[in-house]
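Listed below, chain by chain, are the residues.
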Amino acid sequence: ARSAAIYRNEFYTGDSKDTGYIYQQNIGLDDAGNDFDFSFKTSDYDFGNPLERKLLKRIYLLLKSEELPNQNIDLTLNYYIDGSTTAYSLSSVDLSEALEEGYFVAEFPVPNNQAATFHWLSLGISYTGDQGPVEVYGIRVVYSIKGWE
């Protein structure tokens, strides 16, 4: 969406096309009969020091489990290094993996065969389907310092 607003405690977004339409969010179970496409990408983070090289080790997501036991919500996590548009995949997590309803932490280790040294890092989370809601409560990035470049 091109814009978003909260009006009378309801969430609204503008159409990403030039239609002028405004949509109320969080109602219904589909997008006009189609699956929902949910995604976001964070801005680039330098973790307080843009000159320092860092080695990404793992990422943790604090998530809310699925509300119904028959849901199948798979979130995919990608990371992007130093402003690049190249997505490095860290696999996915099914929100039904929680041992009980409520909050849980999903761990995403970085594979040894993927680029992991960075100055800036951004993250992307996505889901396509007709189930929800998807709730991400926090992100924790674990890295080590590689030194100055």
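Please refer to the structure higher up on the page.
Residues numbered from 1 in each chain as written. Predicted model: local features only at pLDDT ≥ 70, side-chain atom pairs only at ≥ 80, totals over all residues. Heavy atoms only, no water.

Asker: Just give me the short version of unusual backbone geometry, but keep the residues and values in it.
Answerer: With phi around 55°, Phe47 is a residue other than glycine that occupies positive phi space. Among the structural elements, Phe47 can be located in the loop between β4 (36-41) and β5 (52-64). Phi is positive for Asp82, close to 50°, though the residue is something other than glycine. Mapped onto the elements, Asp82 comes out in the loop between β6 (74-81) and β7 (88-94). (Helix = DSSP H or I, 4+ residues; strand = E, 2+ residues; numbered from the N terminus.)

Asker: Give a description of the pairing of β5 that names residues and reports values.
Answerer: Looking at chain direction, β5 and strand β11 (residues 136-148) are connected through 11 bridges and run antiparallel. Looking at β11, one finds that Leu55 is bridged to Ser144. Bridging between β5 and strand β9 (residues 117-118) involves 2 bridges; their strand directions are antiparallel. Bridging across to β9, Lys54 finds its partner in Phe118. Where β5 lies against strand β8 (residues 103-109), 7 bridges are found, and the strand directions are antiparallel. Bridge pairing links Arg58 to Pro109 in β8. (Pairing = 2+ DSSP bridges.)

Asker: Break down the nonpolar core for me, with residues and values.
Answerer: Within the largest apolar cluster, 24 residues are counted, with the highest numbers of intra-cluster contacts made by Leu56, Leu63, Leu77 and Tyr79. Listed by contribution, the elements that provide at least two residues to this core are β5, β6, β7, β8 and β10 (121-129). Sequence-distant contacts of Tyr79, that is, excluding residues within four places in its chain, are made with Leu56, Thr86, Ala87, Tyr88, Leu90, Val110, Gln114, Ala115, Ala116, Leu121, Ser122 and Leu123. (Core = buried A, V, L, I, M, F, W, Y, C linked by side-chain atoms within 4.5 Å. Buried < 20%, exposed > 50% of the residue type's maximum accessible area, 1.4 Å probe, protein only. Contact = heavy atoms within 4.5 Å.)

Asker: Give a description of the pattern of salt bridges that names residues and reports values.
Answerer: Enumeration according to the criterion identifies 1 salt bridge in this entry. Across the salt bridge formed by Arg58 and Glu107, the nearest N and O atoms sit 3.3 Å from each other. Of this pair, Arg58 sits in strand β5 while Glu107 sits in strand β8, and the two are 49 residues apart along the sequence. A relative accessible area of 27% places Arg58 in the partly exposed class. (Salt bridge = Lys/Arg side-chain N within 4 Å of Asp/Glu carboxyl O.)

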